[in-house]
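Read off the chains here:
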Amino acid sequence: MRKRNNSLTQDNDSSATKTVLDSNLKHCHKKGEGSTESGVQYDSVDSNKTMGSAFRRRGLMWRVRRMFMWVLAIYFAIPVIVKLCPSIQAKLVFLNFVRMPYFIDLKRPQEQGLNHTHNFYLQREEGVNIGVWHTVPAHMWKEAQGKDREWYENTLQSFHPVMLYLHGNAGTRGGDHRVQLYKVLSSLGYHVVTFDYRGWGDSDGSPSEKGMTSDALFIYQWVKQKIGRKSLYIWGHSLGTGVATNLVRHLCEQGTPPDSLILESPFTNIREEAKSHPFSMVYRYLPGFDWFFLDAISANDIRFASDENVNHISCPVLILHAEDDTVVPFHLGKKLYNIAAQSKSLSGHKVQFIPFPVSLGYRHKFIYRSTELPHILSDFLGTTHPHV
């Protein structure tokens, strides 16, 4: 009986031991499976991050490439558009639609600090009225207050010389740098007559080289009729120098040259100026540049050939140019002077070139700031400025 009980006890112990071992083996197996699944999950996250970065890089590159293609398409489209529509190039030459300063009332020059200036209009032809300013010498400013057009016209018969000013492209006769020059010339004892070409400011009509020259001739003749034999000088700036040489060439060929011609920041001709202008920098070395852009200018009958005109001019010529002028490069003004100096028609007339160094910072339109300007004008014109 005792032996049988021992046998049963041993069987129970063996069975219990087997149960514990099986349980441990199952637990180990499950733990191993859990570790494997966790490793797979980590690898999957890393892989997703890598793929996301790659997709983002591809998206950025696609956007940059698309932007580049758009810029390239626009770059090549502009010359084609200009060639097909030459009138666009004409607008870029004249820039008469750019009116600065904005909101200026040209009927009230006193708002620009010109309280001795009268605004009026002259009819060039049917449907074309030209806006004109007449500034009297500065020492007459008190007497000028509240005076009408008749009074201003009568002052032109005084002994003071007259400067006819021809402005450049963009803006109006009320542009700030232009107003500052009127003040300087007025302080030196000059009458200053200036106007807006047809299509500029409040003048009627559409711009063209022929129309601008015609308007300048009309105003010149009007002034000349008022002053008789008194001195009448012509001052052109930038694009206005092209108008000025056109005008003076016509006057000289008619045997009635002005007393002197002053060219501020001039160029040789519009093709060379267009090629040197900062706006053309991105296209200057493009094959076919002349055909696309310069021929489009010529198609609008725009030449402003001052280099040709100086060979037909017979009056003293003064050229003023700043070395740091980026709009009309200094070398074009110097080149025009060299041509004028060798002109047979100018033989026997004074031809002078005055450079202004970079250190002065006069650039394209600030030569009026020069403290030497009164002396330059006095020496060249052979006049004195008692009202400086």
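To keep things clear, this report deals only with the structure shown in the data block.

Thresholds, definitions, all that
Residues numbered from 1 in each chain as written. Predicted model: local features only at pLDDT ≥ 70, side-chain atom pairs only at ≥ 80, totals over all residues. Heavy atoms only, no water. Pairing = 2+ DSSP bridges. Helix = DSSP H or I, 4+ residues; strand = E, 2+ residues; numbered from the N terminus. Axes fitted to C-alpha atoms, helices over the stretch in contact; angles between N-to-C directions. Parallel < 35°, antiparallel > 145°, perpendicular 65-115°, else oblique. Contact = heavy atoms within 4.5 Å. Nonpolar A, V, L, I, M, F, W, Y, C, P; charged D, E, K, R; others polar. Patch = residues over 30% accessible without salt bridge, like charges linked within 9 Å, V, L, I, M, F, W, Y side chains within 5 Å. Areas by Shrake-Rupley, 256 points an atom, 1.4 Å probe, with all protein chains shown as cover. Salt bridge = Lys/Arg side-chain N within 4 Å of Asp/Glu carboxyl O. 1 Å grid on protein atoms, 1.4 Å probe; cavity = no way out; pocket = protein on both sides within 12 Å on 5 of 7 lines; lining within 4 Å. Points joined across faces, edges and corners; volume = space filled by probe spheres on them.

1. Comments concerning the pairing of strand β1 (residues 117-125)
In terms of strand pairing, β1 meets strand β2 (residues 128-135) through eight bridges, oriented antiparallel. Residue Asn 119 lies in a different strand from β2, and its bridge partner there is Trp 133. Between β1 and β2, which follow one another and run antiparallel, lie two residues, and Gly 127 among them has a positive phi close to 85 degrees.

2. So, the packing of helix α2 (residues 86-94) against helix α9 (residues 289-299)
The contact between α2 and α9 brings their axes to 8 Å, and the two run at 85 degrees. Here α9 runs roughly perpendicular to α2, going by the angle between their axes. Across from Pro 86, Gln 89 and Val 93 in α2, the residues of α9 making contact are Phe 293, Ala 296, Ile 297 and Ala 299. When its residues are assigned to classes, the contact of α2 with α9 shows six nonpolar, one polar and no charged.

3. Side note on the sheet that holds β1
In spatial order, the strands read β1-β2-β4-β3-β5-β6-β7-β8; together these eight strands make up an open sheet with mixed pairing. In the strand order of this sheet, the two ends are held by β1 and β8 (351-356), each with one partner. This sheet shows a mean twist of 20 degrees between the axes of neighbouring strands, independent of strand direction. When strand β3 (residues 162-166) meets strand β4 (residues 191-195), the two strands line up parallel, connected through four bridges. For Met 163, the partnering residue across the bridge sits in β4 and is Val 192. The sheet strands contacting helix α11 (residues 330-341) are β6 (260-264), β7 (317-322) and β8, and the helix crosses β8 at an angle near 165 degrees. Those strands touched by helix α12 (residues 373-381) are β5 (232-237), β6, β7 and β8, and its axis lies near 160 degrees from that of β7.

4. What about a nonpolar patch on the surface?
A contiguous nonpolar patch, built from Phe 68, Met 69, Leu 72 and Phe 76 and spanning about 400 Å² of accessible area, is present on the exposed surface. With respect to the helices and strands, the residue Met 69 is situated in helix α1 (residues 2-84).

5. A short note on the layout of surface pockets
Of the voids in this model, the largest pocket is the one considered here, and its volume is about 890 Å³. Taken together, 37 residues line the largest pocket, and the ones lying closest to its centre are Leu 92, Leu 95, Asn 169, His 277 and Phe 279. For the lining of the largest pocket, the class distribution of residues is 22 nonpolar, eleven polar and four charged. Along the walls of the second largest pocket sit 13 residues, with Glu 209, Asn 246, Asp 301, Arg 303 and Phe 304 positioned nearest its centre.

Bear in mind that shape data such as this cannot, by itself, settle questions of function.
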